[in-house]
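Per-entry structural report
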Amino acid sequence: MMPNNKLTTNPIDASALSFEDFKTIVINDYKIAYESRQASLLGRKEVLTGKAKFGIFGDGKELPQIAMAKAFKNGDWRSGYYRDQTFAFATGICTIKEFFAQLYANPDLEADPASAGRQMNCHFATRSLNEDGSWKDLTAMKNSSSDIAPTGGQMARLVGLAYASKLYRKNPELAYLKNFSVNGNEVAFGTIGNASTSEGVFFEAINAAGVLQIPMAMSVWDDGYGISVPARYQTTKEDISEILKGFQRDENSAGYEIFKVRGWDYPALCETYQRAIDVCREEHVPVLIHVTEVTQPQGHSTSGSHERYKDKQRLDWEKEYDCILQMRKWMVESAICTEEILVELETEAKQLVRLAQKEAWNEFLGSIKIEKDLAVGMLTAMADGDAQIHKLISQLTGTPDALRKEVLSAVRKALRMTINKSSAARTTMVNWLNEQLEANKERYNSKLFTDGKESPLLVEENPAVYTEQSKMVDGREILNACFDSNFSRDPRLVAFGEDLGNIGDVNQGFAGLQAKFGELRITDTGIREMTIVGQGIGLALRGLRPIAEIQYLDYLLFALNILSDDLASLSYRTKAGQKAPVIIRTRGHRLEGVWHSGSPISMILGSLRGLHICVPRNMTQAAGMYNTLFRSDEPALVIECLNGYRLKEKLPENIGEYTLPLGKAEVIKQGTDLTVVSYGSTLRIIEEAAEELQKLGISIEIVDPQTLLPFDTDKICATSLQKTSKLLVVDEDVPGGGCAYIMQQILEDQGGYFMLDAQPKTLSAKAHRPPYGSDGDYFTKPSVDDVVETVYQMMHEHNKVKYPAIF
């Protein structure tokens, strides 16, 4: 029977405790810290002996994390990095056995509930969702947002996690969301290493939290290095709290409370964290706890040794001021514990950690061993004296710790060796292999999206309704009416971004709505794209429905790291344990100049799998997509057309209710000679070109996929090709960019290749960003002339007599 590893540390209030009670708490804290250290030491050995691929551990940070855990309550959130294992053990977020299961990459959710083996060790997460994608009661849990490896990336979402508490406290309309907050009393705990405070996202987040005045508690573990690079190369004055002194609040201005404490001083750590978190929780003031003189006994990771870059004096100091050694010394000197009791406790801790490691390893290998034995049996039945297959059997049986890779590789090789040999045994093996490949899709490739009961793909289509009285209005007014209706319907909706609040965004989509719904729900932000996105992620993790606006699509670059590393991978890396249904609203495509006409679709498609990518051609489409997304629970990027806000469109009567299904392409013009596929602003160019092409005797069919992720799930493009047999993809991205993706989807996934009777072609923008001015646009992006001549040339190549060369 495994000992209970979920025992958590307790807060210390010495005034209310007897000395015996106090001793019990301190000894339990030491036990957790010592077990965590043993897990680090044993984890490194497991990597170096080849059982695991890589290890990174939290040794040296044990006492600060014990102190932090004491102040961490149900409903609170953590957004940290891969040094926080002691905190995870102390709060019950992770057990030692789960820690080792993650080290071995066990794909079983029961073994590694944080990531199902998809993340390397010390990447923690709690499961916020039930199996159907519905929310658990997050106020009854200690919550950890899913870690990412980029060492400062956790800062962006931390802002949103803390900001949610402010909204829950100040907006009474949210009081019904009892599973997410208790009057906004929750604190968002952040952790980071001192070297990573040099990153821009750290300063952006620190500034944003100070402006917003939110309950964010930021801990910096300062061991003086960033891998091998000492603090003198990292931080001005070699001291992050020293250079952040300007953030300290005073009687005249709001700001931070800043604390500084040594990482080996257990009593001071407990006292400091209690004071700091009390201020943070009660006053909704951000706090910074700079934990100095921290050690890292095993160096950065299993990739190398810190003896290579630390001199003897530093190593000797680290040995003496190891926090566990210092706590042990203090406990004996304070008569809290005797040497004999500590030795016994340490012996038991080593045994417990070793037992947890063995169980985790045996469980990891257990299911694979069953598959291995089955594979060996099938290979033996199929061998029939074949020396090559017997060699495969020998190799497999001679690998006692074989992974699924070795098992399935042997089976696949055997099937390739026996292509021309038919037998019942071979058929059995083929069927088994197909079953295993399907099972491994679930283990290793599933849940890019949550796929729960609130998936946008399950939202029923509700067409737009028009009457004779329906008005023709500017496109911006369509969006404004859509947002107005939905904000009235759902108090969870909030929107924020640069210039979004007071002036209603630069294109007036939110005009007048801040006055109607208040600054808490529709608000301006500073120029800080990373934390605008992070603010959205954090709010969405806590049950709200944020719209995070990035003013122009070109500026998405400034937030791409957070979008890609964090938001896009969230469902996948937790195997649908967490979701963040944030909508990133932006605008792009045609306008003027290098930084205001972007269409970097290939960048988006390559880095944001895990988001729905919506590319509406007009604002009526965009509103229908928003209505769908507001009623579902997965993240999306909506790219509005920059030059469409003042074009006239008919205002639907059911402006806040009609829904446009994601992944459904639309044929916007029927034709017979050639299929043109495009999206966004370029479709207006193609529609204009179609009129001239008709005069030249060419009938094109125009297909708008409407969303790129997912892409044309009903295969409308392939259906069109059955009629026309010719394909042109038009795109404002660089050559080989978004159009290459669309071509792959149509020709490969939809089987469109077999319907062609001519070479498919693409028409894209040039390889550079568009220069300023109308001429710059004309000579850089596809024009009406380009479309007409490209289509005509394709028809000329097909029938030179009927379509003689233009020039």
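This part covers the overall build of the protein chain. Across its full length, the protein chain holds 26 helices and 22 strands. By the compact-globule yardstick of 28 Å for 807 residues, the protein chain fits well, its C-alpha radius of gyration being 30 Å. When each of the 807 residues of the protein chain is scored for burial, the buried share is 61%. When contacts within the protein chain are restricted to residue pairs at least 6 apart in sequence, those whose partners lie at least 24 apart make up 79%. By element, 52% of the accessible surface of the protein chain is carried by carbon and sulfur atoms, the whole surface being about 32,000 Å². Mean positive and mean negative side-chain charge positions of the protein chain (89 and 107 charges, respectively) differ by 4 Å.

Our focus in this paragraph is the packing of helix α5 (residues 154-170) against helix α17 (residues 529-541). Running from N to C, α5 and α17 cross one another at 55°; their axes reach a closest spacing of 6 Å. Judged by the inter-axis angle, α5 sits oblique to α17. Handedness of the crossing formed by α5 with α17: right-handed. Contact residues: A156, R157, V159, G160, L161, Y163, A164 and L167 in α5; M530, T531, G534, Q535, I537, G538, L539 and L541 in α17. Residue classes in the contact of α5 with α17 are distributed as 10 nonpolar, 5 polar and 1 charged.

On to the sheet that holds strand β21 (residues 727-730). Taken together, 5 strands build an open sheet; the order of strands is β17-β19-β18-β21-β22 and the sheet is mixed. Single-partner strands in this sheet number two, and they are β17 (666-669) and β22 (761-763). The average angle at which neighbouring strand axes cross in this sheet is 30°, direction not considered. Docked against the sheet, helix α22 (residues 682-695) engages β17, β18 (674-677), β19 (700-704) and β21, running at close to 170° with respect to β19. Of the strands in this sheet, β18, β19, β21 and β22 are in contact with helix α26 (residues 784-798), which crosses β22 at around 165°.

Moving on to α5. With 17 residues, α5 extends 25 Å between its outermost C-alpha atoms, agreeing within 8% with the 24 Å of an ideal straight helix rising 1.5 Å per residue. Counting buried positions along α5 gives 15 out of 17 residues, so the element sits mostly inside the fold.

A few words now on the pairing of strand β12 (residues 545-549). The buried count for β12 comes to 5 of 5 residues, which makes it a mostly enclosed element. What you see with β12 is no split at all: R545, I547 and E549 on one side and P546 and A548 on the other are buried throughout. Note: strand β10 (residues 493-497) against β12, 5 bridges, orientation parallel. Opposite V494, over in β12, you have P546 as the bridge partner. Judged from the 3 bridges that link them, β12 and strand β13 (residues 583-588) form a sheet pairing that is parallel. Residue pairing for β13: E549 is matched across the bridge by R585.

Membership of the largest hydrophobic core comes to 119 residues, with the highest contact counts inside it found for M155, M216, L608 and L708. It is α5 that provides the largest number of residues to this core, a total of 10 residues. In contact with L708, other than residues within four places in its own chain, are I601, L605, I613, V615, Y679, Y741 and I742. In terms of nonpolar packing, the next biggest core, distinct from the first, is built from 91 residues, Y30, L42, V291 and V294 among them.

Applying the stated criterion across every chain yields a total of 0 disulfides. The thiol of C323 is unpaired, and the distance to the nearest cysteine sulfur, on C270, comes to 12 Å. Its sulfur unpaired, C337 is 16 Å from the next cysteine sulfur, which belongs to C270.

Under the definition given, this model contains 29 aromatic pairs. A centroid spacing of 5.4 Å and a plane angle of 85° characterise the contact between Y753 and F754, whose relative ring orientation is edge-to-face. There is no split in this pair, since Y753 and F754 are both exposed. The rings of F57, F89, F99, F100, Y104, W361 and F364 are connected pair by pair, giving a single aromatic cluster. Seen from the ring of Y225, K310 lies directly overhead, with NZ or CZ sitting 5.2 Å from the centre.

Turning our eyes to something else, we now look at unusual backbone geometry. Excluding glycine, residues mostly carry a negative phi; peptide bonds, for their part, are mostly trans. Residues L709 and P710 are joined by a peptide bond in cis, for which omega reads 0°. Relative to the elements of secondary structure, P710 occurs in the loop between β20 (707-709) and α23 (716-724). Located in the positive-phi region is A116, a residue other than glycine, with phi close to 55°. Of note, A116 is situated in the loop between α4 (96-103) and β2 (143-144). Residue A116 is classed as buried on the basis of its relative accessible area of 1%. In this structure, D384 takes a positive phi of about 50° despite not being glycine. Relative to the helices and strands, D384 resides in the loop between α11 (339-383) and α12 (387-397).

Time to look at a positive patch on the surface. A contiguous patch of positive charge, built from K45, K350, R354 and K358, is present on the exposed surface. Ranked by the residues each element gives to the positive patch, the list is headed by α11, at 3 residues. Summarising the element assignment, K358 is placed in helix α11. On the accessibility criterion, K358 (46% relative accessible area) is partly exposed.

The next thing to look at is the sheet that holds strand β14 (residues 612-614). Sheet architecture is open: 7 strands sit in the order β11-β10-β12-β13-β15-β14-β20, paired in mixed fashion. In the strand order of this sheet, the two ends are held by β11 (522-524) and β20, each with one partner. Across the sheet, the axes of successive neighbouring strands diverge by a mean angle of 20°, strand direction being ignored. In this sheet, β11 lies alongside β10 in parallel orientation, the contact comprising 3 bridges. Looking at β11, one finds that G497 is bridged to D524. Sheet strands in contact with helix α15 (residues 475-489) are β10, β11, β12, β13 and β15 (636-641), and its direction is about 135° off that of β10.

A cluster of acidic side chains, namely E687, E688, E691, E692, D785 and E789, defines a negative patch on the protein surface. It is α22 that provides the largest number of residues to the negative patch, a total of 4 residues. By the element assignment, E691 lies in helix α22.

Moving on to the side chain of T197. Relative to the assigned elements, T197 resides in the loop between β3 (188-193) and α6 (200-212). Once you skip the residues sitting within four places of it in the chain, T197 turns out to touch I192, F202, F203, V220, T235 and I240.

It is worth spelling out the pattern of salt bridges at this point. Summed over the entire model, instances satisfying the criterion amount to 52 salt bridges. We note a salt bridge from R404 to E371, for which the minimum N-O separation is 3.0 Å. Taken together, the residues span a long stretch of sequence, with R404 in helix α13 (residues 404-417) and E371 in helix α11 at a distance of 33 residues. Overall, the relative accessible area of 10% leaves R404 in the buried class. For E371, a relative accessible area of 8% translates into the label buried. Bridged by salt links that share partners, the residues D505, E549, R585, R587 and E640 form one connected network.

Structurally, the position occupied by G304 is in the loop between β8 (287-292) and α9 (312-320). Residue classification places G304 among the partly exposed positions, given a relative accessible area of 22%. For the pair G304 and N74, spaced 230 residues apart in sequence, the C-alpha separation works out to 38 Å. Other than its neighbours up to four places away in sequence, G304 contacts R44 and Q298.

Rules and cut-offs
Residue numbers run consecutively from 1 along every chain, following the written order of its sequence. Only residues with pLDDT of 70 or above have their local features reported here, since the model is predicted, and side-chain atom pairs are shown and tallied only from 80 upward, although totals for entire chains, interfaces and linings are computed over all residues. Hydrogens and water are ignored here; the side-chain numbers use all heavy atoms of the structure. Numbering of helices and strands starts at the N terminus; helices are DSSP runs of H or I of at least 4 residues and strands are runs of E of at least 2. The globule rule used here is 2.2 Å times the number of residues to the 0.38 power, and the radius of gyration it is set against is calculated over C-alpha atoms. In this scheme, a residue with accessible area under 20% of its type's maximum is buried, one over 50% is exposed, and one in between is partly exposed, where area comes from a 1.4 Å probe on protein chains only. By definition in these notes, contact holds between two residues if any of their heavy atoms fall within 4.5 Å. Every accessible area reported is derived by Shrake-Rupley at a probe size of 1.4 Å, with residue values counting cover from the shown protein chains alone. For this count, His and the chain ends are skipped, Lys and Arg are scored as positive, and Asp and Glu as negative. In this description, the location of a charge corresponds to atom NZ of lysine, CZ of arginine, CG of aspartate or CD of glutamate. Helix axes are fitted only over the stretch in contact, all axes being lines through C-alpha atoms; the angle between N-to-C directions runs from 0 to 180 degrees. Each angle receives one of four descriptions, namely roughly parallel if under 35 degrees, roughly antiparallel if over 145, roughly perpendicular if within 65 to 115, and oblique otherwise. When the near helix sits turned anticlockwise from the far one by under a right angle, the crossing is termed left-handed; a clockwise turn instead gives a right-handed crossing. Residues are grouped as follows: nonpolar covers Ala, Val, Leu, Ile, Met, Phe, Trp, Tyr, Cys and Pro; charged covers Asp, Glu, Lys and Arg; every other residue, Gly included, is treated as polar. Only strands that DSSP links by at least two bridges are regarded as paired with each other. Helix span, expected: 1.5 Å multiplied by one less than the number of residues in the helix. Definition used in this section: a nonpolar core is a set of buried Ala, Val, Leu, Ile, Met, Phe, Trp, Tyr and Cys residues joined via side-chain atoms within 4.5 Å. For this text, the term disulfide refers to a pair of cysteine sulfurs within 2.5 Å. Under the pairing criterion, centres of Phe, Tyr and Trp rings, with the six-membered ring standing for Trp, must be within 6.5 Å; the plane angle then separates stacked pairs below 30 degrees from edge-to-face pairs above 60, leaving the rest tilted. A ring is scored as having a charge over it whenever the NZ atom of a lysine or the CZ atom of an arginine sits within 6 Å of its centre and within 35 degrees of its normal. Candidates for patches are residues over 30% relative accessible area with no salt bridge; among them, like charges are joined within 9 Å and nonpolar side chains (Val, Leu, Ile, Met, Phe, Trp, Tyr) within 5 Å. What counts as a salt bridge is simple: a side-chain nitrogen of Lys or Arg found within 4 Å of a carboxyl oxygen of Asp or Glu.

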